[in-house]
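So the chains spell out like this:
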Amino acid sequence: MLKDLGTLEYFLGMEATWTADGLLLTQQKYILDLLHKAQMGDCKGISTPVTPKDKMSTIQSRPMSDLTLYQSIVGGLQYLSLTRPEVCYSVHKVSQFLHAPTEDNWCSVKCILRYLKHTVGHGLYISKSANTDLNIYTDANWASNIDDRKSTTGYAIFMGTNLISWNSKKQQTIACSSTEAEYRAIGVRPRSLEISKSIGVAVGMQYRFALQRVASF
């Protein structure tokens, strides 16, 4: 039996704020809880979650003493990326070291937390729009993993002005050049795109499809 609980306000750590033009999804309380768990409630915020000079590795620093804390915080960050797509890449990078994190890896996690402290009110905005065009933006960071020299692929799918799907993932094989890494990124056909297209067809949506590559990050 279904029951109408009224307008959505809070669900599984996500806060919904309705506006005249759409919906803002945030996770402010969830972020504050993560900061408290990491004992960083009073930390100073920063304006970016990662810098181009950050090259994480399993061998360039001593092992982190508290493995459980690292895994717990990074797991929380993975869930947080549901409403914070801008941290998807940096969270993906630190997630590669869940089995054996180092002190440098933990420093990278703390940078993400400090960024979230600075942008605690940010979230994912979904606006009303009659535009149902699907646009995919892809990119690749060539040889970004200094341990195995594998590249990282990222994509973002927009329906009109709304971001509906995104991901960052290490490529399975080593690319011999940045061009090869870019072509592999363009060749990715995310399953989420197929789902989006299927849903659109099911409800009678008419849309155009475009694949675009963004500048290297």
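Check the entry above for the structure.
Calculation notes
Residues numbered from 1 in each chain as written. Predicted model: local features only at pLDDT ≥ 70, side-chain atom pairs only at ≥ 80, totals over all residues. Heavy atoms only, no water. Helix = DSSP H or I, 4+ residues; strand = E, 2+ residues; numbered from the N terminus. Buried < 20%, exposed > 50% of the residue type's maximum accessible area, 1.4 Å probe, protein only. Contact = heavy atoms within 4.5 Å. Areas by Shrake-Rupley, 256 points an atom, 1.4 Å probe, with all protein chains shown as cover. Pairing = 2+ DSSP bridges. Arc of directions from axis to C-beta. Salt bridge = Lys/Arg side-chain N within 4 Å of Asp/Glu carboxyl O. Disulfide = S-S within 2.5 Å. Axes fitted to C-alpha atoms, helices over the stretch in contact; angles between N-to-C directions. Parallel < 35°, antiparallel > 145°, perpendicular 65-115°, else oblique. Left-handed = near helix turned anticlockwise from the far one by under 90°. Nonpolar A, V, L, I, M, F, W, Y, C, P; charged D, E, K, R; others polar.

Novice: Which residues make up the overall build of the protein, and what values do they have?
Specialist: Secondary structure assignment for the protein yields six helices and eight strands. When the elements of the protein are put in sequence order from the N terminus, they spell out β-β-β-α-α-α-α-β-β-β-β-α-α-β. Buried residues in the protein amount to 40% of all 217 residues. Long-range contacts, defined as pairs at least 24 residues apart, comprise 70% of the intrachain contacts of the protein with a sequence gap of at least 6. Carbon and sulfur atoms form 57% of the exposed surface of the protein, whose accessible area is close to 12600 Å².

Novice: Give me the side chain of S168: which residues, what numbers.
Specialist: Turning to its location among the elements, S168 is positioned in strand β7 (residues 162-170). Look at S168 and you get buried, because its relative accessible area is 8%. Excluding its chain neighbours within four sequence positions, the residues that come into contact with S168 are C88, Y89, H92, T152, T153 and G154.

Novice: Before we move on, can you summarise the sheet that holds strand β3 (residues 22-26) with the specific residues and values?
Specialist: Spatially, β1-β2-β3-β4 is the arrangement adopted by the four strands of the open sheet, whose pairing is antiparallel. One side of each edge strand has no neighbouring strand; the edge strands of this open sheet are β1 (10-11) and β4 (123-127). The sheet contact formed by β3 and β4 spans five bridges and is antiparallel. Looking at the pairing, L24 lines up with Y125 of β4.

Novice: Go over unusual backbone geometry with me, naming the residues and quoting the values.
Specialist: One non-glycine residue, L12, lies in positive phi territory at about 50 degrees. One can find L12 in the loop between β1 and β2 (14-18). Of note, the phi angle at Q39 is positive, near 60 degrees, even though the residue is not glycine. Structurally, Q39 can be placed in the loop between α1 (28-37) and α2 (67-80). According to the relative accessible area criterion, Q39 is exposed, its value standing at 74%.

Novice: Explain α1 to me, using residue names and the numbers behind them.
Specialist: When α1 is considered as a whole, its buried residues turn out to be I31, L34 and L35. Within α1, the buried residues cover an arc of 100 degrees as seen down the axis, which keeps them to one side. Where α1 is buried, its residues touch α2 and α4 (103-118).

Novice: Run through the pattern of salt bridges, naming residues and quoting values.
Specialist: Taken as a whole and judged by the stated rule, the model has two salt bridges. A salt bridge links K29 to D33; the shortest N-O distance between them is 3.1 Å. One end of the pair, K29, and the other, D33, are both in helix α1, four residues apart, so they sit about a helical turn from each other. Taking the relative accessible area as the measure of exposure, K29 reaches 46% and is therefore partly exposed. The partner of R84 in a salt bridge is E86, and the shortest N-O contact between them spans 2.7 Å. Overall, the relative accessible area of 1% leaves R84 in the buried class. Of the residues examined, E86 reaches a relative accessible area of 35% and is grouped as partly exposed.

Novice: Quick one: what's the story with the environment of T26, residue by residue and with numbers?
Specialist: Note that T26 resides in strand β3. For the pair T26 and G121, spaced 95 residues apart in sequence, the C-alpha to C-alpha distance is 6.8 Å. Not counting the four nearest positions on each side in its chain, T26 is found in contact with G13, M14, E15, T83, G121, H122 and G123.

Novice: How would you sum up the state of the cysteines? Please name residues and give values.
Specialist: By the definition in use, this model includes zero disulfides. The thiol of C107 is not disulfide-bonded; the next cysteine sulfur, from C111, is found 7.1 Å away. Since its relative accessible area comes to 39%, C107 is described here as partly exposed.

Novice: Any details on the packing of helix α3 (residues 88-95) against α4? Residues and values, ideally.
Specialist: The geometry of α3 relative to α4 is characterised by a closest axis approach of 10 Å and an angle of 155 degrees between their N-to-C directions. Between α3 and α4, the crossing angle belongs to the class labelled roughly antiparallel. Our pair here, α3 against α4, has a crossing hand that is left-handed. Facing S90, V91 and V94 of α3, the residues of α4 in contact are N105, S108, V109 and I112. For the contact of α3 with α4, the class distribution of residues is four nonpolar, three polar and no charged.

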